[in-house]
Amino acid sequence: MRPILVFVEVRDGVIKRVSFEVLSEARQLLLRGLPASGVYAVLIGDQLTDAAHEIVKKGWADRLYLVENTSYRYYSSERYASVVAEMIKRMDASLILMGATAMGRDLGPKVAAKLRVPVAQDCTALDVDLKHGVVATRPVYGGKAITKVHAQEGIRHFVVTVRPNVFSAGAPPINEEGAIEPFTSTLPDPVIKSVVTEVIAAASAKVDLTEAQIIVSGGRGLRESSNFSLLEELASTLNAAVGASRAAVDAGWKPHSYQVGLTGKTVSPLLYIACGISGAIQHQAGMSSSRYIVAINKDPNAPIFKIASVGIVGDLFEIIPRLTALLRKRAASH
Ligand SMILES: Cc1cc2nc3c(=O)[nH]c(=O)nc-3n(C[C@H](O)[C@H](O)[C@H](O)COP(=O)(O)OP(=O)(O)OC[C@H]3O[C@@H](n4cnc5c(N)ncnc54)[C@H](O)[C@@H]3O)c2cc1C
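Since the structure is predicted, the reported quantities are computational estimates derived from the model, not experimental observations. Numbering of residues begins from 1 in every chain and follows the order in which that chain's sequence is written. The model is predicted, so local features are restricted to residues of pLDDT at least 70 and side-chain atom pairs to those at 80 or more, both for listing and for counting; the totals for chains, interfaces and linings are taken over all residues. Side-chain metrics in this entry use all non-hydrogen atoms of the structure; hydrogen atoms and water are not considered.

Visitor: In this structure, what is going on with the packing of aromatic side chains? I would like to understand it.
Guide: The geometry of an aromatic ring pair is captured by two quantities: the separation of the ring centres and the angle between the planes. Stacked, edge-to-face and tilted labels apply to pairs of Phe, Tyr and Trp rings (six-membered ring for Trp) whose centres lie within 6.5 Å, assigned for plane angles under 30 degrees, over 60, and everything in between, in that order. Using the criterion set out here, one finds 6 aromatic pairs in the structure. Pairing Tyr72 with Tyr80 gives two aromatic rings, centres 6.0 Å apart and planes at 70 degrees, and the pair type is edge-to-face. As far as burial versus exposure is concerned, Tyr72 and Tyr80 are alike and both buried. Clustering of aromatic rings is evident, with ring pairs tying together Phe7, Tyr72, Tyr75 and Tyr80. Here the term buried applies to any residue with accessible area under 20% of the maximum for its type, exposed to any over 50%, and partly exposed to those in between, with areas from a 1.4 Å probe on protein chains only.

Put into structure tokens, the structure is as follows:
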């Protein structure tokens, strides 16, 4: 039998939450009958000892391949894709899973192209079918339709990236410690077309939008940039990230890194609070898979209410400060 390989993403020594979701889902696939010899993880970067131990100590993976070298310190499409593809071939992994983060969305197709195998991007469900193996569900046309995809018979490797916050990270399913094995590429260095020399985090991003469990997002209804402080206050009481619609970004109220939607970020938090956002399909494309959606809008016919779990019809300038005060009071009494 052949293993499932999970690419574990680490940023600044911290494992991205989606990687635990992917590892957990890989185990679930085995439990649901996918024939595989185990769940293997691959970690690429520099100074990864702590992260590697975190994965194997609690049994998140049966085996972890560590590709550790200063040349892997920053993500490089060519370098990472080359080593992951080599690893897949060497261990003959049947299924390769990774988070559909900015890195995963770039790496997945590159690895697939190198191996000339299919890739299914940004999947929101994985099923096991005895005939086809893994069948992945992908929202398409901005979430208006879904497709189910699987690898053709005879294809040796299938690359799948999964949407963050859709799968549960659960608890590590076994108590047995996995093994860490260093992996060294035997291939000549790939041709590197671009080199990252430094990564500067946006000072404003307190909580990463794509990793956030709760997002408070604002649109044109906020009227001006300074009114985003209302959302920031609400977000701080909920330990939430702040997002924005394209209208708010185009108006220059927030940088593009805040934009949620078709041409912005895809998010799937537990809770998405849309404030003064009409809910155009292009916005919905980036947030409709949120577990719960709360919409605050003064227009009862705003399309956002069609997908909202809870709709509040009213003026956000009255509702948000009241909500923030209420949450602060509750937090203080606990
Ligand atoms: C190719 C393409 C890609 C796009 N990509 C994106 C994308 O990635 N993300 C995105 O968001 N959009 C995207 N758009 C734009 C999208 O079509 C909408 O124009 C945009 O989402 C509207 O933003 P909005 O909801 O903030 O503004 P509006 O549609 O103007 O809605 C503002 C809402 O605020 C409400 N409101 C006003 N005042 C108050 C108040 N005091 N209290 C409560 N509610 C109030 C109004 O009732 C209204 O519903 C894209 C469009 C195209 C064509």
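Visitor: I'm lost on the sheet that holds strand E1 (residues 4–8) in this one. Help?
Guide: If you walk across this open sheet you meet the 7 strands as E7-E11-E6-E1-E4-E5-E12, and the pairing is parallel. Only two strands of the sheet have a single partner each, and these edge strands are strand E7 (119–123) and strand E12 (179–182). Going across the sheet, the axis of each strand differs from the next one's by a mean of 20 degrees, ignoring polarity. Summarising the sheet, strand E4 (residues 39–45) and strand E5 (residues 63–68) pair through 6 bridges and their orientation is parallel. When the sheet's bridge partners are listed, Ala41 is paired in E5 with Leu64. Across the sheet, helix H2 (residues 49–57) is in contact with E1, E4, E5 and E12; its angle to E5 comes to roughly 170 degrees. Contact criterion: two residues are considered in contact whenever any of their non-hydrogen atoms come within 4.5 Å of each other. Axis lines are fitted to C-alpha atoms, over the contacting stretch for helices. Their N-to-C directions set the angle, which ranges from 0 to 180 degrees. To qualify as a helix, a DSSP run of H or I must reach at least 4 residues; to qualify as a strand, a run of E must reach at least 2; elements of each kind are numbered from the N terminus. Most of the contacts of helix H4 (residues 102–115) go to E7, to which it runs at about 165 degrees, and overall it touches E1, strand E6 (95–99), E7 and strand E11 (158–162). Strand pairing is defined by DSSP finding a minimum of two bridges between the two strands.

Visitor: Mind showing me how you'd approach the pairing of E1 here?
Guide: Two faces belong to every sheet, and in a regular strand the side chains alternate between them. Of all the 5 residues making up E1, 5 are buried; the element is thus mostly covered by neighbouring parts of the structure. Side-chain alternation along E1 places Ile4, Val6 and Val8 on one buried face and Leu5 and Phe7 on a second face that is also buried. Looking at chain direction, E1 and E4 are connected through 5 bridges and run parallel. Paired with Phe7 across the bridge in E4 is Val42. Inspection of the sheet shows E1 paired to E6 by 3 bridges, in the parallel sense. Bridge assignment links Ile4 to a residue of E6, and that residue is Leu95.

Visitor: Just to check I follow, could you spell out the environment of Ser309 for this structure?
Guide: By secondary structure assignment, the location of Ser309 is in the loop between helix H8 (304–307) and strand E17 (310–313). Overall, the relative accessible area of 44% leaves Ser309 in the partly exposed class. Through-space distance from the C-alpha of Ser309 to that of Leu271 is 9.8 Å; in sequence the pair is 38 residues apart. Filtering out sequence-adjacent residues up to four positions away, Ser309 remains in contact with Arg291, Tyr292 and Ile293.

Visitor: Can you walk me through the site of the ligand in this structure?
Guide: Being near a molecule or strand, for a residue, comes down to having at least one heavy atom within 4 Å of it. The environment of the ligand is made up of 26 residues, and the closest members are Arg220, Ser245, Thr263, Ser278 and Asn297. Pairs of N or O atoms within 3.5 Å make up the polar contacts considered here, provided that, within protein, one atom can donate a hydrogen while the other can accept it, and that residues adjacent in sequence are counted only when both atoms are side-chain atoms. Ser245 has a polar side-chain atom sitting 2.5 Å from an oxygen atom of the ligand. Separating an oxygen atom of the ligand from a backbone N or O atom of Gly276 is a distance of 3.0 Å. Here the ligand has 990 Å² of accessible area as a free molecule, and 77% of this is covered by the chains. Among the elements of the structure, helix H6 (246–250), helix H7 (281–287) and helix H9 (316–332) are those that each provide at least two residues to the shell around the ligand. All residues other than Ala, Val, Leu, Ile, Met, Phe, Trp, Tyr, Cys, Pro, Asp, Glu, Lys and Arg, Gly among them, are scored as polar; the first ten of these are nonpolar and the last four charged. Taken together, the residues that form the shell around the ligand break down as 7 nonpolar, 13 polar and 6 charged. Computed with the Shrake-Rupley method and a 1.4 Å probe, the accessible areas treat only the protein chains shown as cover for residues.

Visitor: Is there a simple way to explain the domain arrangement of the protein chain in this structure?
Guide: Note: interface size is frequently given as the accessible area lost on complex formation between the parts. Each domain's extent is set by a domain assignment, obtained either automatically or from a database. Segmenting the protein chain into domains produces domain 1 (4–182) and domain 2 (214–332). Look at where the C-alpha atoms of domain 1 and domain 2 centre, and you get two points 31 Å apart. Of the residues lining the interface, 8 residues belong to domain 1; the matching set on domain 2 comes to 9 residues. Salt bridges are defined by distance alone: a side-chain nitrogen of Lys or Arg within 4 Å of a carboxyl oxygen of Asp or Glu. Seen at the junction of domain 1 and domain 2, the total is 0 salt bridges. Taken together, the residues that form the side of domain 1 that touches domain 2 break down as 2 nonpolar, 2 polar and 4 charged.

Visitor: Explain the sheet that holds strand E16 (residues 292–297) to me, please; I cannot follow it from the model alone.
Guide: Paired through backbone hydrogen bonds, the strands of a sheet run either parallel or antiparallel to each other. Across the sheet, 5 strands lie side by side as E14-E13-E15-E16-E17; this open sheet has parallel pairing. Because the sheet does not close on itself, it has two edges, and the strands there are strand E14 (241–244) and E17. The sheet shows a mean angle of 15 degrees between the axes of neighbouring strands, taken without regard to direction. Together, strand E13 (214–218), E14 and strand E15 (271–275) form the strand contacts of helix H5 (residues 228–238), whose direction differs from that of E13 by roughly 175 degrees. Running at roughly 135 degrees to E16, H9 makes contact with E15, E16 and E17 of the sheet.

Visitor: Would you take a moment to explain the pairing of E6 for this structure?
Guide: Taken across its 5 residues, E6 has 5 buried, putting it largely inside the fold. Burial along E6 is two-sided: the residues Leu95, Leu97 and Gly99 and Ile96 and Met98 are all buried. Of the strand pairs in this sheet, E6 and E11 are connected by 5 bridges, and their pairing is parallel. Bridging from a neighbouring strand, Gly99 pairs with Val162 of E11.

Visitor: Any chance you could explain the packing of H5 against H9 here in plain terms?
Guide: In helix packing, the relevant descriptors are the interaxial angle and the interaxial distance, both defined with respect to the helix axes. H9 packs onto H5 with a crossing angle of 25 degrees between their chain directions and a minimal axis gap of 9 Å. Regarding the angle of H5 to H9, the classification is roughly parallel. Two packed elements cross with a definite hand, and for H5 against H9 that hand is left-handed. Listed contacts from H9 to Leu230, Leu231, Glu233, Leu234, Ser236, Thr237 and Leu238 of H5 are Leu316, Phe317, Ile320, Pro321, Leu323, Thr324, Leu327 and Arg328. Considered class by class, the residues forming the contact of H5 with H9 number 10 nonpolar, 3 polar and 2 charged. For classification purposes, angles smaller than 35 degrees are called roughly parallel, those larger than 145 roughly antiparallel, those between 65 and 115 roughly perpendicular, and all remaining angles oblique. Left-handed describes a crossing whose near helix is turned anticlockwise from the far helix by less than a right angle; the clockwise case is right-handed.

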